[in-house]
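Secondary and tertiary structure notes
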Amino acid sequence: MSGFGHKGVKICKTLIALVAIAGFQPVWAQSGQTMAAMDHGEMNQQGGSAPADARDPHAYADGNTLESGEYAQSGPRQLRLADEHNFGSLLVDRLEHIKTNDGANSTAYDLQAWFGRDYDRLVIKAEGDYTKGKLQEARSELLWGHAVANYWDAQLGVRHDSGVGPNRSWLAFGIQGLAPYWFEVDATAYLGENGRSALRVATEYELLLTQRLILQPRAEFNFYGKRDVVRNIGSGLSDGALGLRLRYEFSRQIAPYIGVERVEKFGQTADMARDAGERAGETRWVAGLRFWF
Amino acid sequence: MKLLLQRNNPASIFTPRRRFVQGLIGGGVLAAISPWVRAAVTPLGLTPTGSAPVLSGTEIQLTVAETPVNFTGKMRLATTINGSLPAPTLRLREGEMVTIRVTNRLPVATSIHWHGILLPFQMDGVPGISYAGIAPGETFTYRFRLQQSGTYWYHSHSGHQEQTGMYGAIIVEPRDGETIRADRDYVVQLSDWTDENPERVFAKLKVQSDYYNYSKPTVGDFFRDVSNGGTAAALDKRKMWNEMRMNPTDLADLSAATYTYLMNGTTPAGNWTGIFRPGERIRLRFINSAANSFYDVRIPGLTMTVVQSDGVNVEPVTVDEFRFGPGETYDVLVEPKDEAHTIFAQSMDRSGYARGTLAVHAGLEASVPALDKIEWLTMADMMGSMAGMNHGAMPGMPGMDHASMNHDMSGMDHGAMPMAHDMDKMAHGAMSMDHSQHTMKDNPLAKPSTKVRHANTEYGPSTDMRVDMPRTSLDDPGIGLRNNGRKVLTLADLSTIGGPLDPRGPERELELHLTGNMERYTWSFDGLEFGSSTPVHFKHGERVRVILQNDTMMTHPMHMHGLWSELETVEGEFQARRHTIPVQPAQRISFLVNADALGRWAWHCHLMFHMHAGMFREVVVS
């Protein structure tokens, strides 16, 4: 970490600011205040922190616990409800065939799996794309997710990039959750070898045309703190995507979709692409399947 | 064989018409089942459904086993008692000592809880609290003396066995003879059935809590609101919900998308029928044995006189409709006028219904009403008395398009009731200072405190909202029933005959909040799920006030085992003795408990999926 440059610092600052905007106090303070503006003086119905005189939820126990005290069943506690059970899920948010205007074809995937409990869970995220059967670019993350607020989980773990060029490994720290107005937000900062740093922000929204026909706008942006020439990445905002997918939920768990996406490389990254004779941006048509179990 | 009903929805090209499976007409469908399934079926074939067999006396044998059922065209295994669904009706006598042997023929442990029955805690049937449960192959002998009379019920307290069929009625005849006169007496036990594995259903809700909600606000709804009331009003209507990331149609976690609603184990198409002779007065003992469904019950063309609630006689009150949640019971008297009347029980989320018929002979039917329109939750449901006060104070305010406005405006249909309701709220809000000053001088516990005290564990990830100014009145029938043109029973209409068990006032006051996070599908008391909670301790012999405040958007039927919950008004006046009290969104209620039963008891939301998620506390009386 010796070469942690000022860009890295800047990105971390950006992340902290982003975390603050998306995840913590200001969000519900804002929703509370808006309601207050609508109706009455002070009120704060979501999140926040407990006042000093807040009630102690154990005050009525008088020393009894679930395992001990009068009339408790002997032996280890038998009654365990779902809060003490593990659950899990795998969501393949995008598994799609991509066709560009100049006729190039590729396949992309974007999945997220979790296993664990309500407030602590193991999270796996993976995204990548194949062209002509060859993995071009892949990002795989293994994270520990911990609930930090009503709609937000903090995540800590590692990221591994593979595909064309040398592999890269990163430490990852981010937040994932639901912002007001139902925006799914996933924002993660990364620190890599040789002072590399990165930030990835993705957001999705679901617009219900009907109970089953759903339009999903999606945006993703990647920032890098340091140029990584062998992977064709410049520093600063490197690339972004804006997509619109229309899916039909045959069931909640299986939904085919079609869509269109604009991907764009920016700054140095765009220059590198142009130097290599590639386009800096393109429009893609996608068709795929979203499913989970 | 699958009958489909299309909901009568004037709406739209935007929303697909929702379909609700009415289920199979009858049970005799073995011929349609593939041979390999048939081979697995017991020689007797399908589990008998409909009115349950009656067991009486003081020695009863119950055997729990898996038996096949077919409600939707798909063969499934139910968990049943003595091979019927519902389980046998136990007809017992007050004062008698009963011995009930329960044999477990399941591959997993089981249990039976006698819902609402006062008994020694070791007989209460909650694995891990009362006893260890009943292991496979074993028999547990329950023995207790009946200290009460009325309509009760029993069900498994293990896993999801109640959802899969383990429930039956208990009728305890009064020692001194029945005071409620009726020519006929029917148990009407409502429940809900899913062909899915309930554990899988629960796991799905953990992934996507609105999985079964097919009434979510759509773009079409938005444009309809725009054309009806303008863009500003349509945006305003959605603003708070969207900011808070909450869903105004979050009325039930599970809907007809997975449920078939049953009346006495019979699908709507099967049409359970109670026979009567013209001129007779019929007592219907309504028991909500659903795992997760509130029902709104009515018999079009007839009024119902409610005479008992949770097994306790109440001053008769005549209504057109009542809502009740899992665990609650209502006994009503009806006097049919026509040859056939439909008993219509629509689920609170209006996705489907259970249905049966009272008729002079089998095979008759009366018309079945359309499901009511879905009503969005209102500001009052979200924010308690704040919304009501504001609107009450500014009745003529233009541009207010909140549903609670309708509340006031359509009050005309109903006389002064809803108006009084709002006035009541205003009075409480405005004069709470006076109240507290008054009562301080006399007895500080004469009235339940109205000062909201959130637990310090309500500020984290387990809790998606807190109500700072709750509603305290008991006369709100609840979302979807307000001003519907029918007289709907409310808690304020219930008055237990004979008054409270004990003339003493409370010695102290406990406050707990009902909490949850819909997005995470977590449910709790005070933001703590069962596993991280500690028991609530009552000193033996004390009379204590319990305040429950609902900091969620759903109604929770709260059931305290072993002890009565004596509901009181915000003025501290006794209202009704219950074993299961529904607490509406943003409502704050209180009840007194006589801590006269030593031991450990369960206290939980009787929506089974909320209970399983952790909305569960232990109560210790010692």
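Residues numbered from 1 in each chain as written. Chains lettered and ligands numbered in written order. Predicted model: local features only at pLDDT ≥ 70, side-chain atom pairs only at ≥ 80, totals over all residues.

Considerations on the overall build of chain A
- The helix and strand tally for chain A stands at three helices and 13 strands.
- Residues classed as buried in chain A amount to 30% of the 293 residues present.
- Long-range contacts, defined as pairs at least 24 residues apart, comprise 44% of the intrachain contacts of chain A with a sequence gap of at least 6. (Helix = DSSP H or I, 4+ residues; strand = E, 2+ residues; numbered from the N terminus. Buried ≥ 20, exposed ≤ 12 C-beta atoms within 10 Å, placed from the backbone. Contact = placed C-beta atoms within 7 Å.)

Observations concerning the overall build of chain B
- Along its length, chain B carries nine helices and 33 strands.
- Going through the 622 residues of chain B one by one, you find that 58% of them count as buried.
- Put simply, 77% of the contacts in chain B that link residues at least 6 apart link residues at least 24 apart.

Some thoughts on the interface of chain A and chain B
- At the interface, 57 residues of chain A touch 63 residues of chain B.
- Among the elements of the structure, α2 (25-38), β1 (87-100), β4 (134-149) and β9 (207-208) of chain A are those that each provide at least two residues to the side of chain A that touches chain B.
- For the side of chain A that touches chain B, the residue count by class is 27 nonpolar, 18 polar and 12 charged. (Nonpolar A, V, L, I, M, F, W, Y, C, P; charged D, E, K, R; others polar.)

Structural notes on the pairing of strand β7 (residues 183-192) of chain A
Residue and element names in this part refer to chain A.
- Relative to β7, strand β6 (residues 168-179) runs antiparallel, the two being bridged by 10 bridges. Looking at β7, one finds that L171 is bridged to L191.
- Adjacent in sequence and paired antiparallel, β6 and β7 are bridged by three residues, among which Y181 carries a positive phi angle near 70°.
- With eight bridges joining them, β7 and strand β8 (residues 197-204) adopt antiparallel strand pairing. Each bridged residue has a counterpart across the sheet, and for D186 the counterpart in β8 is A202.
- Turn length for the β7-β8 hairpin, with the two strands adjacent in sequence and antiparallel, is four residues, and the turn residue N194 shows positive phi of about 55°. (Pairing = 2+ DSSP bridges.)

A closer look at the nonpolar core
- Among the nonpolar cores identified, the biggest contains 156 residues, and I170, L190, F286, V306, A345 and V593 of chain B are the most heavily contacted of them.
- Judged by nonpolar contacts, the second largest core, of 18 residues, contains L143, A149, W170 and I175 of chain A. (Core = buried A, V, L, I, M, F, W, Y, C linked by C-beta atoms within 7 Å.)

Regarding the pairing of β6 of chain A
All names here are of chain A.
- Bridging between strand β5 (residues 152-163) and β6 involves 10 bridges; their strand directions are antiparallel. Following the sheet pairing, V158 is matched in β6 by L171.
- Taking the residues that link successive antiparallel strands as the turn, the β5-β6 hairpin has four residues, and the phi of G165 there is positive, at about 90°.

A look at the sheet that holds strand β27 (residues 556-560) of chain B
Residues and elements named next belong to chain B.
- One open sheet holds the five strands; their spatial order is β25-β33-β32-β27-β30, and the pairing between them is mixed. Edge positions in the open sheet fall to β25 (536-538) and β30 (580-583), since each of these has one partner strand only. Taking each pair of neighbouring strands and ignoring which way they run, the sheet shows an average axis angle of 20°.
- Alignment of strand β32 (residues 599-605) against strand β33 (residues 616-621), held across six bridges, turns out to be antiparallel. Paired with G599 across the bridge in β33 is V621. (Axes fitted to C-alpha atoms, helices over the stretch in contact; angles between N-to-C directions.)

Observations concerning the environment of N517 of chain B
- You can see N517 of chain B is positioned in strand β23 (residues 508-517).
- Put simply, N517 of chain B and G478 of chain B are 39 residues apart on the chain and 21 Å apart in space, counted from C-alpha to C-alpha.
- When residues no more than four places from it in sequence are discounted, the contact partners of N517 of chain B are N150 of chain A together with P461, S462, T463, D464 and T522 of chain B.

A word on unusual backbone geometry
- Of note, the bond from L85 of chain B into P86 of chain B is cis; its omega dihedral lies within 30 degrees of zero at 0°.
- Structurally, the position occupied by P86 of chain B is in the loop between β5 (75-81) and β6 (87-93).
- Positive phi values are uncommon outside glycine, yet N194 of chain A reaches one of about 55°.
- Locating N194 of chain A in the fold gives a position in the loop between β7 and β8.
- The class of N194 of chain A is exposed, set by 11 C-beta atoms lying within 10 Å.

Some points on the environment of P582 of chain B
- Positionally, P582 of chain B belongs in strand β30.
- Not counting residues up to four positions away in its chain, the partners in contact with P582 of chain B are G325, E328, T555 and P557 of chain B.

Section: the sheet that holds strand β28 (residues 565-568) of chain B
Residue and element names in this part refer to chain B.
- With mixed pairing, six strands are arranged side by side in an open sheet as β24-β23-β26-β31-β28-β29. A single partner strand is all that each edge strand has here, and the edge strands are β24 (522-525) and β29 (574-578). Here the strands of the sheet are splayed against their neighbours by 25° on average, with no regard to which way each runs.
- Direction of pairing for β23 relative to β24: antiparallel, over a ladder of four bridges. Looking at the pairing, L514 lines up with F525 of β24.

Examining the confidence of the model for chain A
Residues and elements named next belong to chain A.
- Mean pLDDT over chain A works out to 88, with 85% of the residues at or above the 70 mark.
- Below pLDDT 50 for its whole length, residues 1-5 participates in eight contacts with residues either more than four positions away or in separate chains.
- Long-range and interchain partners of residues 15-44, a stretch whose pLDDT sits below 50, account for 43 contacts in this model, where long-range means more than four residues apart. (pLDDT = per-residue confidence, 0-100.)

Remarks on the packing of helix α3 (residues 219-229) of chain B against helix α4 (residues 231-244) of chain B
Residue and element names in this part refer to chain B.
- Across the interface, α3 lies against α4 with an axial gap of 7 Å and an inter-helix angle of 135°. As summarised for this structure, α3 and α4 are arranged oblique, according to the angle between their axes. Regarding α3 and α4, the two cross each other, and that crossing is right-handed. Counting all contacts with α3, which are made through F222, D225, V226 and G229, the residues of α4 involved are T231, A233, A234 and K237.
- Residues of the contact of α3 with α4, tallied by class, amount to four nonpolar, two polar and two charged. (Parallel < 35°, antiparallel > 145°, perpendicular 65-115°, else oblique. Left-handed = near helix turned anticlockwise from the far one by under 90°.)

Description of the confidence of the model for chain B
Residues and elements named next belong to chain B.
- Looking at chain B as a whole, its pLDDT mean stands at 87, while 85% of the residues score no less than 70.
- Segment residues 388-440 is flagged for pLDDT under 50; beyond a separation of four residues in sequence, or across chains, it makes 70 contacts in the model.
- Note on the complex model: pTM 0.88, ipTM 0.88.

A look at α4 of chain B
Residue and element names in this part refer to chain B.
- For α4, with 14 residues, the first-to-last C-alpha span of 20 Å sits near the 20 Å given by 1.5 Å per residue.
- A maximum bend of about 35° is found in α4 at R238.
- Every buried residue of α4 is accounted for by K237, M240, W241, E243 and M244.
- Where α4 ends, the next residue or the one after it, R245, has phi of about 60°, a positive value. (Expected span 1.5 Å × (residues − 1). Bend = angle between axes of the 7 residues up to and from the residue.)

Looking at the environment of T203 of chain A
Residue and element names in this part refer to chain A.
- Turning to its location among the elements, T203 is positioned in strand β8.
- Along the chain, T203 and F183 lie 20 residues apart, while their C-alpha atoms are 6.5 Å from each other.
- Apart from residues lying up to four places away in sequence, T203 is in contact with F183, E184, V185 and A219.

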